[in-house]
Amino acid sequence: MKHKGKQAGERFWRIENEILIPFVIIGILVLIAFGAVSCYNSYHIKMDYEKNMAGQMLGDVSRDIDFLAERLGEQELKELFSQHRSAQLFIADESGEIIHDSGVRKREEAQLLMTSMDNRAGWQVSYYMDRGMFWEELMEEQRYVVIAAIAALMVMVETSVFISYNISGPIRNMSMTCAEIERDKGEFRRYSFKTINRKDEIGQLARTFQNLLLSMENYTKVVYTNKMAASLAHEIKNPIAGIRSGIQLLKGRVEKEGDRMLCDSMIKEIDRVTGLITNLFTLSVKRESVRQVFAVRLLLEEICMLYTRSPEGAGVDIQFEADEDLRCFANENELKQISHNIISNSLRAMREKEEKQIRVRAYAQDSWCVLEFKDNGRGMSAEELTRVLEPFYTKNINGIGLGLSIVEKLVSQNEGALAIESEVGGGTTVTLRFHRGEKDEE
Amino acid sequence: MKNKILVIDDEFLIRYTLAEGLKDRGYETESAGSVEEGLEKMKTFGPEVILLDNLLENSRGMDEIPAFRKLDENVQVIMMTAYGSVSQAVEAIKRGPTTTC
């Protein structure tokens, strides 16, 4: 448990560290470099200023010596200069006797800046600088630079903390959700990401992820169905066909009416299972449809007639409307199956309605042949509508939820397009588009 | 004379139902679970039509057609298969059975 906590902690900090630490390090380095350049510059400016001062003072003193040497005696001159008030000067005569010493020379931090013997008396005049004072003054001048640098560093750290949290927070949230999904497997629909409403790239990532999760649900179901169906279809179909024909044989031999009815109902159930397996097989096997140009009107006529005459279609007002010469480029049998699946869904949706109505309309639109199936059934909510093509999604207790998945598969196999519009209580319209015959395209 | 049909399928359920169902409809039938048994029965029973499953335990029914034709060149063979594909049907017809279903 403790170990787990440590791991979570490590994961928790990783992104912040990866953004924050380099940011702060670079910031500090830049500031240090900036400070160093600034100090170096002001040191040189100040030093130049000091040297200037020294040159000026030595010049002044030398001129004074020259001037006074002509008018005063040596002793008088020495006395006069021994009282010089400059704190930086040191004056000695040719023999090395000290004339004036401000005391600066003896200090530890004193530095000889300039010396001159260019005077008539031949004295050595030196200018000393107090380094301690020099640096103190320099630092005083640099004080504002240092304050500005510290302020800049703080702003930078704050900004990088803000940025890194703003980025790492949502990413961490997503990564934890993903880890959870991985542990759980399946049921992707119930997960959602908090950052889905953000308008930036992270929001976009979250939205993409969310959509991916939704389609994952379909995808895993389809993959699973495919594997299962492909490997089991034959294995199940064969014995079931045997059982069916066995029951058929027995039905011909039994004498009681009840027994015959029992056989009939067994055969009906077997047919239902076989239908399901056939549907699964249709969904799972990849194949290319063999397409040809055919008249849509004939096909719709046949289908509508079938429903009008069958007990399933009893009490349903089913009508169709199609252009006489409308051609469609598709696999006719598959289009029949598509139509049957859509109509049987419609019939189920209208079960509780008193007036049951199905309208099928076929018309040409640009290079497309459009088929429209419209019912006045109970309709679907927006949530149902998003899931309606998902395999095994059904609201019907007796249904298995493959009808529209098969429609979608067959439509795309025929390079067509499928659109479903529905509203609760307002019926459902399924619109299919297929290419028209090559002749029409020309 | 009764029409004689020999049913060859390795699955008892199919073999029995087919043979019995055809019997109920007035045909004279015999059944066999393998090609060898089928060839034996052919000699004694002398069928006019053979219902032959394509996927037998040890062999493909399609490959055995010549063996039956050798015993009676007029015998009609109907191939049966659950794996209905066009290419298989074409191949079977080329080898000479009457029909595939």
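Residues numbered from 1 in each chain as written. Chains lettered and ligands numbered in written order. Predicted model: local features only at pLDDT ≥ 70, side-chain atom pairs only at ≥ 80, totals over all residues. Heavy atoms only, no water.

Considerations on the sheet that holds strand 10 (residues 417–422) of chain A
Sheet strands associate in pairs through backbone hydrogen bonding, adopting either a parallel or an antiparallel arrangement.
All names here are of chain A.
Reasoning step 1: Taken in spatial order, the 5 strands of this open sheet run 6-8-9-11-10, and their pairing is mixed. The outermost strands of the open sheet, each flanked by one partner alone, are strand 6 (316–322) and strand 10. Shown here is a sheet whose adjacent strand axes are inclined to one another by a mean of 10°, direction ignored.
Reasoning step 2: As paired strands, strand 6 and strand 8 (residues 356–365) are joined by 7 bridges and run parallel to one another. Within strand 8, the residue paired with phenylalanine 320 across the bridge is valine 360.
Reasoning step 3: Across the face of the sheet, helix 6 (residues 296–309) comes into contact with strand 6, strand 8 and strand 9 (368–375) while running at roughly 175° to strand 6.
Reasoning step 4: Sheet strands touched by helix 7 (residues 332–349): strand 6, strand 8, strand 9 and strand 11 (428–435). Its angle to strand 11, the strand with the most contacts, is close to 175°. (Pairing = 2+ DSSP bridges. Helix = DSSP H or I, 4+ residues; strand = E, 2+ residues; numbered from the N terminus. Axes fitted to C-alpha atoms, helices over the stretch in contact; angles between N-to-C directions. Contact = heavy atoms within 4.5 Å.)

Some words on the interface of chain B and chain A
Reasoning step 1: Contacts between the two partners involve 9 residues from chain B, matched on the other side by 9 residues from chain A.
Reasoning step 2: A combined buried area of about 850 Å² lies between chain B and chain A, and 59% of that area is made up of carbon and sulfur atoms.
Reasoning step 3: Residues B:Asp24 and A:Arg253 are paired through a salt bridge, measuring 2.8 Å at the closest nitrogen-oxygen approach.
Reasoning step 4: In this assembly, chain B and chain A are joined by 2 residue pairs in polar contact (both at pLDDT 80 or more).
Reasoning step 5: Considering only residue class, the side of chain B that touches chain A consists of 4 nonpolar, 2 polar and 3 charged. (Buried area = accessible area lost by both parts, 1.4 Å probe. Salt bridge = Lys/Arg side-chain N within 4 Å of Asp/Glu carboxyl O. Polar contact = N/O pair within 3.5 Å; in protein donor to acceptor, adjacent residues only side chain to side chain. Nonpolar A, V, L, I, M, F, W, Y, C, P; charged D, E, K, R; others polar.)

Quick word on the nonpolar core
Residue and element names in this part refer to chain A.
Reasoning step 1: Counting 40 residues, the largest nonpolar core has Ile338, Leu371, Leu432 and Phe434 as its most contacted members.
Reasoning step 2: Of the residues forming this core, the biggest block, 6 residues, is contributed by helix 6.
Reasoning step 3: For phenylalanine 434, the residues in contact, after removing those within four places along its chain, are Cys328, Phe329, Ala330, Leu335, Ile338, Ser367, Trp368, Cys369, Leu371, Val411, Asn414 and Gly416. (Core = buried A, V, L, I, M, F, W, Y, C linked by side-chain atoms within 4.5 Å. Buried < 20%, exposed > 50% of the residue type's maximum accessible area, 1.4 Å probe, protein only.)

Some remarks on the pairing of strand 2 (residues 98–101) of chain A
On a regular strand, one side chain projects to one face of the sheet and the next to the other, so that they alternate.
Residue and element names in this part refer to chain A.
Reasoning step 1: Across 3 bridges, the pairing between strand 1 (residues 89–92) and strand 2 is antiparallel. Within the sheet, the bridge partner assigned to alanine 92 lies in strand 2 and is isoleucine 98.
Reasoning step 2: Linking two consecutive strands that pair antiparallel, namely strand 1 and strand 2, is a turn of 5 residues; a positive phi of about 100° is found at glycine 96 within it.

Some thoughts on the sheet that holds strand 2 of chain A
All names here are of chain A.
Reasoning step 1: Spatially, the 4 strands line up as an open sheet ordered 2-1-4-3, and their pairing is antiparallel. A single partner strand is all that each edge strand has here, and the edge strands are strand 2 and strand 3 (110–116). Between one strand and the next, the sheet's axes are offset by a mean angle of 20°, whatever the strand orientation.
Reasoning step 2: In terms of strand pairing, strand 1 meets strand 4 (residues 124–130) through 4 bridges, oriented antiparallel. When the bridges of strand 4 are listed, alanine 92 appears paired with glutamine 124.
Reasoning step 3: Helix 2 (residues 74–82) rests against strand 1 and strand 2 of the sheet, and its axis sits at about 15° to strand 2.

Some points on the packing of helix 2 (residues 35–45) of chain B against helix 3 (residues 61–71) of chain B
Residues and elements named next belong to chain B.
Reasoning step 1: The contact between helix 2 and helix 3 brings their axes to 10 Å, and the two run at 15°. By the angle between their directions, the pair helix 2 and helix 3 is classed as roughly parallel. Considering the relative orientation of helix 2 and helix 3, their crossing is right-handed. Each of Val35, Gly38, Leu39, Met42 and Lys43 in helix 2 lies in contact with helix 3, whose residues at this interface are Glu64, Ala67, Phe68 and Leu71.
Reasoning step 2: Here the residues of the contact of helix 2 with helix 3 sort into 6 nonpolar, 1 polar and 2 charged. (Parallel < 35°, antiparallel > 145°, perpendicular 65-115°, else oblique. Left-handed = near helix turned anticlockwise from the far one by under 90°.)

Details of the environment of A:Gly437
Residue and element names in this part refer to chain A.
Reasoning step 1: Of note, glycine 437 is situated in the loop between strand 11 and helix 10 (438–441).
Reasoning step 2: For glycine 437, a relative accessible area of 0% translates into the label buried.
Reasoning step 3: As for glycine 437 and alanine 295, which are separated by 142 residues in sequence, their C-alpha atoms are 9.4 Å apart.
Reasoning step 4: Look past the residues within four positions of glycine 437 in its chain and what remains in contact with it is Val293, Arg327, Cys328 and Phe329.

Let's talk about unusual backbone geometry
All names here are of chain A.
Reasoning step 1: Despite not being glycine, aspartate 366 has its phi angle at roughly 50°, a positive value.
Reasoning step 2: For aspartate 366, the location among the structural elements is in the loop between strand 8 and strand 9.
Reasoning step 3: Overall, the relative accessible area of 68% leaves aspartate 366 in the exposed class.
Reasoning step 4: One non-glycine residue, glutamate 415, adopts positive backbone phi at about 55°.
Reasoning step 5: Along the chain, the position of glutamate 415 falls in the loop between helix 9 (403–413) and strand 10.
Reasoning step 6: The class of glutamate 415 is partly exposed, set by a relative accessible area of 48%.

What about the confidence of the model for chain B?
Reasoning step 1: Model confidence for chain B is summarised by a mean pLDDT of 83, while 84% of its residues fall at 70 or above.
Reasoning step 2: With a pTM of 0.50, the predicted complex shows an ipTM of 0.73. (pLDDT = per-residue confidence, 0-100.)

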